Amino acid sequence: MAQTKFDKQLEDGLEQGAMVFGRFVSGAPLDGEPRPPGSLPRWGIALLRLVLLAWAGWAAWMWWWVKDHDRVIRVSIIAAAIAIPIVVVAAIRGRGRRQHMRALVIPMSMALKDLLSEWDDHQRLRALTIPIDRSFVAVRLPDGWHDPGGFKDQMRELIQDRMGGQWAGEWNLKNHPFNVVFTPQKPKPKLEPPETVDFFSDEVQKAIAACEPGQLVLGIDERQRPVIKEMTGETAMWALSVGSGGGKSSFLQMIITQLVRQRATVIGIDVKMASINCFEGVEGVHLYTDPGNIGDMRSAISWAAREVEARNYVKKGNPRKNFDRLTLILEEGNEFGDASKEWWNENKEKGEPASDPIWGDIASIMRMGRHVNVTIIGVFQDLREAAVGSRGLRNMFRMILMGNFNANQWKMIVNTTPVPESVDRAGRMMIIEGNRRVWIQVPYADPEDFRTHSMELRAKLGYSTEDLYGAPPARSPQRLPSLLQKSTPLFTKDAGSEQQAISAGQGGGDGGRPSVDMIKDEPQALEGGAEQDGTGEPGEEVELLPLAEISRRLAEDGIEVSAELMRQHKRRRKDFPSGHVVDGKELFALADLAEYYGPDEEEEPEEPDDDQDDQDEAAEDADGDDDDQAEEQQDGDAGHD
């Protein structure tokens, strides 16, 4: 029998009704469209629909068949009173879920379109699960999904961009259903060196005792372990670029103490007069810390360069020769460079180069010294190329320690990104050795404790000058700063008490070494005495001054004669008044020179040098070269003041 049109419509209607009923009881949307973001879960919707259907059936049966209208009304009111608060609470809680879906889930599902191209928008939305607390991100993968190359990394990067932080994915491509679950990586605890480290702690002393010759303990790292570096080979030359208050002084004191333990000779240059003065009097530690005697510092550096030259000559004849360590410490390198340049400009002879040649000696030490166990530690507040003489020496410091630095200093010295954050704490430094970066905390102790310990080490382990082929240059007497100088003559009994008081207040760091300004000139202490000079009666006090000061005093009395002209006359004129040597410096009586030049003696123009004058002057200079250099140095200092 043929199927009629009505039968066809009836069959389609029953099929549609069964489908709608199935969607109704299953909680699926009745129209077949995706459920809106933030709606109740499917099982919740199905439960509500079944409760509503059961209530409707019960109410119809009671209303129409039992005729108990009051009971239906009463139960309906009670059910509404219970259901309405539940619906309100659910709606309020659903707002957060809907916002979560709109703000995060739906945009992320759309962003996955290129990575999950097999699925449409609705499938991707259903495949993506992100709870409200964002504790994980689960993505269901199509059955035939595979990584064509780089998709895993792209998906992880997408999750990290949208969720923030670092996320790790666990991929399941073996068991159905395929999926990937991303979870946030727990941040590793930030490791930091200790805030302070005691140099005399058992941990540090044990590490120092275990060091081989040439090895030095620099500090404690993030893992609370001692950091030991070798001052040999490629890392023989060290540099510090540390801002003010960064702990440079403590670092140097700690290093010098360890060098003393290894029986090394130390040459310390410090124009600041504060960092290494505590080692005054320690055998084998030669300090040049008087900013008024820059020439002494330059002489010490030049001597170290000559030692390198001598050691290399010996090494050539005896390749197996091992030398005791000689370390040059250049503290406050920026200030020394400026002061040395000024000294050179004031003292260079005509025809000599404008650039300061002392950096040539430093370059020689850096290039030739490590082979013969001569090393340099340069300390700078700012390790610019100009701070090391613009000779390309900065790159020869193969190990650099930085502290209290800013971004510009990091880019200038290291030139890597990202720029690490500097820790503003005394003694916190970063060791930069090639591509290695290590934060350390420098051990600290009281300067006097460092000195006492160094003295004990010298007494216990000894010290030898066998490998020194010359002696470090002697230091000039410390010069009194110009603002502390009085108009009262410096070398008379009247000024003696004042000068002693001033010197005692500022000369304690010099180990008790007397300076020129501390001397009270007793008549019997002078060469020949006042009786032999004819400058006064026996026992009369004589005022002795350098030529630069005498020139200034004579100018006040209307007698114009320069200190340079006096030095020329002293060399060339036999009748020039004789001077008196006090602590290696030749001083003169003001009265003698005032009488010698007198009001009628005028300053002569500098005589042109001809060949004969050059020969005579060279012969005279050969006899008194040392005296002239010492006198010119002191006169130059006094004239500068």
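Because the structure is predicted, anything quoted here is derived from the model rather than measured.

Caption draft 1: Quick peek at the overall build of the protein chain. For the protein chain, the count of helices and strands is 18 helices and 17 strands. The long-range fraction of contacts in the protein chain, counting pairs at least 24 apart against all pairs at least 6 apart in sequence, stands at 65%. For the protein chain, the accessible area works out to roughly 35,300 Å², and carbon and sulfur atoms hold 52% of it.

Caption draft 2: Highlighting the sheet that holds strand E17 (residues 585-589). Spatially, three strands are ordered E15-E17-E16 in an open sheet, and the strand pairing comes out antiparallel. Edge strands, defined here as strands with exactly one partner in the open sheet, are strand E15 (544-545) and strand E16 (580-582). When E15 meets E17, the two strands line up antiparallel, connected through two bridges. When the bridges of E17 are listed, Leu545 appears paired with Phe588.

Caption draft 3: Quick look at the environment of Trp359. For Trp359, the location among the structural elements is in helix H10 (residues 358-368). As a C-alpha pair, Trp359 and Arg298 span 61 residues in sequence and 9.6 Å in three-dimensional space.

Caption draft 4: Expanded view of the pairing of strand E5 (residues 215-220). Across the six residues of E5, six count as buried, placing the element largely inside the fold. Direction of pairing for E5 relative to strand E6 (residues 226-230): antiparallel, over a ladder of five bridges. Counted as the bridge partner of Ile220 is Pro226 from E6. The antiparallel hairpin formed by E5 and E6 contains five residues in its connecting segment, where Gln224 sits at a positive phi of about 65 degrees.

Caption draft 5: Layout of the side chain of Glu549. Position of Glu549 among the secondary structure elements: in helix H15 (residues 547-556). A distance of 2.5 Å separates the side chain of Glu549 from the side chain of Arg552, its partner in a polar contact. A polar contact of 2.8 Å, which involves the side chain of Glu549, links it to the side chain of Arg553.

Caption draft 6: Representation of unusual backbone geometry in the model. In this model, His176 is joined to Pro177 through a cis peptide bond whose omega is 0 degrees. Here Pro177 lies in the loop between strand E3 (167-172) and strand E4 (179-184). Looking along the chain, the bond that leaves Thr417 and enters Pro418 is cis, with omega of -5 degrees. Of note, the phi angle at Asn373 is positive, near 70 degrees, even though the residue is not glycine. With respect to the secondary-structure elements, Asn373 resides in the loop between H10 and strand E11 (374-380).

Caption draft 7: Local environment of the confidence of the model for the protein chain. Chain-level statistics for the protein chain give a pLDDT mean of 79 and a share of 80% at 70 or above. Counting contacts from residues 487-539, a segment whose pLDDT is below 50, to residues more than four positions away or on other chains yields 86 contacts. Confidence drops under a pLDDT of 50 for residues 601-641, and excluding neighbours within four residues, the segment shows 54 contacts in the predicted structure.

Caption draft 8: Inspection of empty space enclosed by the protein at higher detail. A full pass over the atoms with the stated rule returns three cavities of 30 Å³ or more. Reported here for the second largest cavity is a volume of approximately 40 Å³. Among the elements of the structure, H10 and E11 are those that each provide at least two residues to the lining of the second largest cavity. Taken together, the residues that form the lining of the second largest cavity break down as eight nonpolar, one polar and no charged.

Caption draft 9: Looking closely at the packing of aromatic side chains. Enumeration according to the criterion identifies 11 aromatic pairs in this entry. Summarising the aromatic geometry, the rings of Phe200 and Phe450 are spaced 6.4 Å apart at their centres and angled 35 degrees between planes, so their arrangement reads as tilted. Separated by 250 residues along the polypeptide, Phe200 in the loop between E4 and helix H6 (202-209) and Phe450 in helix H12 (residues 447-461) bring together distant segments of the chain. Residue Phe200 is classed as partly exposed on the basis of its relative accessible area of 31%. Its relative accessible area of 0% is what places Phe450 among the buried residues. Through successive ring pairs, a cluster of aromatic residues spans Phe576, Phe588, Tyr596 and Tyr597.

Caption draft 10: Quick look at helix H7 (residues 248-261). In this model, H7 (14 residues) spans 20 Å end to end at C-alpha, consistent with the 20 Å of a helix rising 1.5 Å per residue. Counting buried positions over the 14 residues of H7 gives 12, a clear majority of the element. Inspection of H7 places Lys248, Ser250, Phe251, Leu252, Gln253, Met254, Ile255, Ile256, Thr257, Gln258, Leu259 and Val260 among the buried residues, and these make up the whole buried set. Positive phi appears at Arg263, one or two residues downstream of H7, with a value of about 60 degrees.

Caption draft 11: A look at the nonpolar core. Counting residues in each nonpolar core, the largest one holds 48 residues, and the members touching the most others are Ile267, Ile269, Ile362, Ile365, Ile376, Phe397 and Met402. By residue number, the principal contributor to this core is helix H8 (residues 294-317), which donates eight residues. Formed by 43 residues, the second largest nonpolar core is a distinct cluster that contains Phe251, Val260, Leu287 and Val379.

Caption draft 12: Structural context of the packing of H15 against helix H17 (residues 590-597). Running from amino to carboxyl end, H15 crosses H17 at an angle of 55 degrees, the nearest separation of the two axes being 10 Å. As far as their axial angle goes, H17 and H15 are oblique. Of the two possible hands of crossing, H15 and H17 adopt the one that is right-handed. Contacts from Leu547, Ile550, Arg553 and Leu554 in H15 reach Leu590, Leu593 and Ala594 in H17.

Caption draft 13: Quick look at the environment of Cys278. Tracing the backbone shows Cys278 in the loop between strand E8 (265-270) and strand E9 (285-288). When the C-alpha positions of Cys278 and Gln253 are compared, they lie 8.3 Å apart, and in sequence the two are 25 residues distant. Those residues in contact with Cys278 that lie beyond four places of it in its chain are Gln253, Pro447 and Arg451.

Caption draft 14: How the structure looks around the pairing of strand E14 (residues 436-441). Sheet analysis places strand E13 (residues 428-433) next to E14, joined by six bridges and oriented antiparallel. In the sheet register, Glu433 faces E14, and the bridge partner there is Arg436. The turn linking E13 back onto E14 is made up of two residues, and Gly434 within it adopts a positive phi angle of 65 degrees.

Caption draft 15: Local environment of the pattern of salt bridges. Under the criterion given, the structure shown has 15 salt bridges. Between Arg124 and Asp121 there is a salt bridge, with the nearest N and O atoms lying 2.3 Å from each other. Placement of both Arg124 and Asp121 in helix H4 (residues 121-127) is noted, with a separation of three residues, approximately one turn of the helix. Between Lys272 and Glu331 there is a salt bridge, with its nearest N and O atoms 3.8 Å apart. One end of the pair, Lys272, is in the loop between E8 and E9; the other, Glu331, is in strand E10 (residues 326-331), and 59 residues separate them in sequence. The network of salt bridges with shared partners includes Glu234, Arg370 and Arg398.

Rules used in this analysis
- Residues numbered from 1 in each chain as written.
- Predicted model: local features only at pLDDT ≥ 70, side-chain atom pairs only at ≥ 80, totals over all residues.
- Heavy atoms only, no water.
- Helix = DSSP H or I, 4+ residues; strand = E, 2+ residues; numbered from the N terminus.
- Contact = heavy atoms within 4.5 Å.
- Areas by Shrake-Rupley, 256 points an atom, 1.4 Å probe, with all protein chains shown as cover.
- Pairing = 2+ DSSP bridges.
- Buried < 20%, exposed > 50% of the residue type's maximum accessible area, 1.4 Å probe, protein only.
- Polar contact = N/O pair within 3.5 Å; in protein donor to acceptor, adjacent residues only side chain to side chain.
- pLDDT = per-residue confidence, 0-100.
- 1 Å grid on protein atoms, 1.4 Å probe; cavity = no way out; pocket = protein on both sides within 12 Å on 5 of 7 lines; lining within 4 Å.
- Points joined across faces, edges and corners; volume = space filled by probe spheres on them.
- Nonpolar A, V, L, I, M, F, W, Y, C, P; charged D, E, K, R; others polar.
- Phe/Tyr/Trp six-rings, centres within 6.5 Å; stacked < 30°, edge-to-face > 60°.
- Expected span 1.5 Å × (residues − 1).
- Core = buried A, V, L, I, M, F, W, Y, C linked by side-chain atoms within 4.5 Å.
- Axes fitted to C-alpha atoms, helices over the stretch in contact; angles between N-to-C directions.
- Parallel < 35°, antiparallel > 145°, perpendicular 65-115°, else oblique.
- Left-handed = near helix turned anticlockwise from the far one by under 90°.
- Salt bridge = Lys/Arg side-chain N within 4 Å of Asp/Glu carboxyl O.

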